[in-house]
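# Per-entry structural report
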Amino acid sequence: MAGRTGAFSGSLRFARLTEIAPDEIARHMSDPRMAAHMPLLTGAWDEETAKAFAAAKEACWQRDGLGHWAFLSGEAYAGWGGFQKEGAEWDFGLVLKPDCFGLGPAIARKALQFARSDARIPYVTFLLPPTRRHLRPLARLGAVQTGEVQYEGQTFLKFRLDTS
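It should be emphasised that the depicted structure is a prediction, and the values quoted were computed from it without experimental measurement. (Residues numbered from 1 in each chain as written. Predicted model: local features only at pLDDT ≥ 70, side-chain atom pairs only at ≥ 80, totals over all residues. Heavy atoms only, no water.)

## Things to note about the side chain of histidine 68
Selection criterion: The way it works is that DSSP assigns letters per residue, a run of H or I at least four long becomes a helix, a run of E at least two long becomes a strand, and they are numbered from the N terminus. Distance and chemistry together define a polar contact, namely a pair of N or O atoms within 3.5 Å, with one atom able to donate a hydrogen and the other to accept it when in protein, and with adjacent residues in sequence counting only for side-chain atoms on both sides. Any two residues whose heavy atoms approach within 4.5 Å are treated as being in contact.
Note on placement: histidine 68 falls in strand β2 (residues 68-73). Among the polar contacts listed, one links the side chain of histidine 68 to the side chain of glutamine 84, at a separation of 3.3 Å. Here histidine 68 is in contact with Leu17, Lys57, Trp61, Trp80, Gly81, Gly82, Phe83 and Gln84, once residues within four sequence places are set aside.

Here it is as structure tokens:
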């Protein structure tokens, strides 16, 4: 699926990552602006990296019945994210293309509405790198910081939001 650049409009839709062309995901994740707040992102992605990534996220769907989606605005790929099981907790992540950052609140609301309707998800967690300074949107959602965690050798701020 070819993505448009520039302004995104239209309805928001969640799709499986396997529906997105690997080169589209690779371009997104290779954008140097992505690494600014993604300490686990190292190096450029190619089509094979994107295919392996989509396959790993699809395996989560098979294992847990839930996973990460591709986010579409109209038919244009805007980014990816969703819920991933981390031990007993469901972690929510959101990774948007830089020209789609403004869609974050609407996507988060739609995803959290899904979580509130799913009995498997009594709460969600959010892991953010300490470089993230704008935390007010999480507070507006009702998320509270529960501390810091180490993940793959990196420190993340951990937040929790009850969905019941």
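Resuming the write-up.
## Quick notes on the packing of aromatic side chains
Rule in force here: Between the rings of Phe, Tyr and Trp (Trp by its six-membered ring), a pair exists once the centres lie within 6.5 Å; its type follows the angle of the planes, with under 30 degrees stacked, over 60 edge-to-face, and the other angles tilted. Whether a charge lies above a ring is judged from NZ of Lys or CZ of Arg, which has to be within 6 Å of the ring centre and within 35 degrees of the ring normal.
Under the defined criterion, the tally for this structure stands at 11 aromatic pairs. Chaining the aromatic ring pairs together yields one cluster made of Phe14, Trp61, Trp69, Phe71, Phe83, Phe92, Phe114 and Phe126. Of note, lysine 110 hangs over the ring of phenylalanine 14, and the distance from its end group to the ring centre comes to 5.2 Å. The ring of tyrosine 123 has arginine 160 lying over it, and the distance from NZ or CZ to the ring centre is 3.5 Å.

## Focus: the packing of helix α1 (residues 22-30) against helix α2 (residues 47-64)
This is how it is decided: Structural elements are reduced to axes, namely lines fitted to C-alpha atoms, with helices fitted over the stretch in contact, and the angle between N-to-C directions of any two is expressed from 0 to 180 degrees. Oblique is the label for any angle not under 35 degrees, not over 145, and not in the 65 to 115 range, which are roughly parallel, roughly antiparallel and roughly perpendicular in turn. All amino acids are sorted into three groups, where Ala, Val, Leu, Ile, Met, Phe, Trp, Tyr, Cys and Pro are nonpolar, Asp, Glu, Lys and Arg are charged, and the leftover types, Gly among them, are polar.
Their axes nearest at 8 Å, the elements α1 and α2 cross at an angle of 100°. Overall, the two elements α1 and α2 adopt an arrangement that is roughly perpendicular. For the pair α1 and α2, contact is made by Pro22, Asp23, Ile25 and Ala26 and by Glu47, Ala50, Lys51 and Phe53, respectively. The residue inventory of the contact of α1 with α2, partitioned by class, reads five nonpolar, no polar and three charged.

## Here we look at the sheet that holds strand β3 (residues 76-86)
One key point about sheets: their strands pair by backbone hydrogen bonds, in either a parallel or an antiparallel sense. The condition is simple: Only strands joined by at least two bridges in the DSSP assignment are considered to pair.
The strand order across the open sheet formed by seven strands is β1-β2-β3-β4-β5-β7-β6, and the pairing between neighbours is mixed. At either end of the open sheet lies a strand with only one pairing partner, and these are β1 (12-16) and β6 (144-151). Direction aside, the axes of adjacent strands within the sheet are offset by 30° on average. With two bridges connecting them, strand β4 (residues 89-96) and strand β5 (residues 123-128) associate as parallel partners. Each residue of the ladder has a partner; that of tryptophan 90, found in β5, is valine 124. Against the sheet, α1 contacts β3 and β4, and its axis sits at roughly 80° relative to β3. In the packing of helix α3 (residues 104-116) onto the sheet, the strands contacted are β1, β2, β3, β4, β5 and β7 (154-162), and the crossing angle to β1 comes to about 65°.

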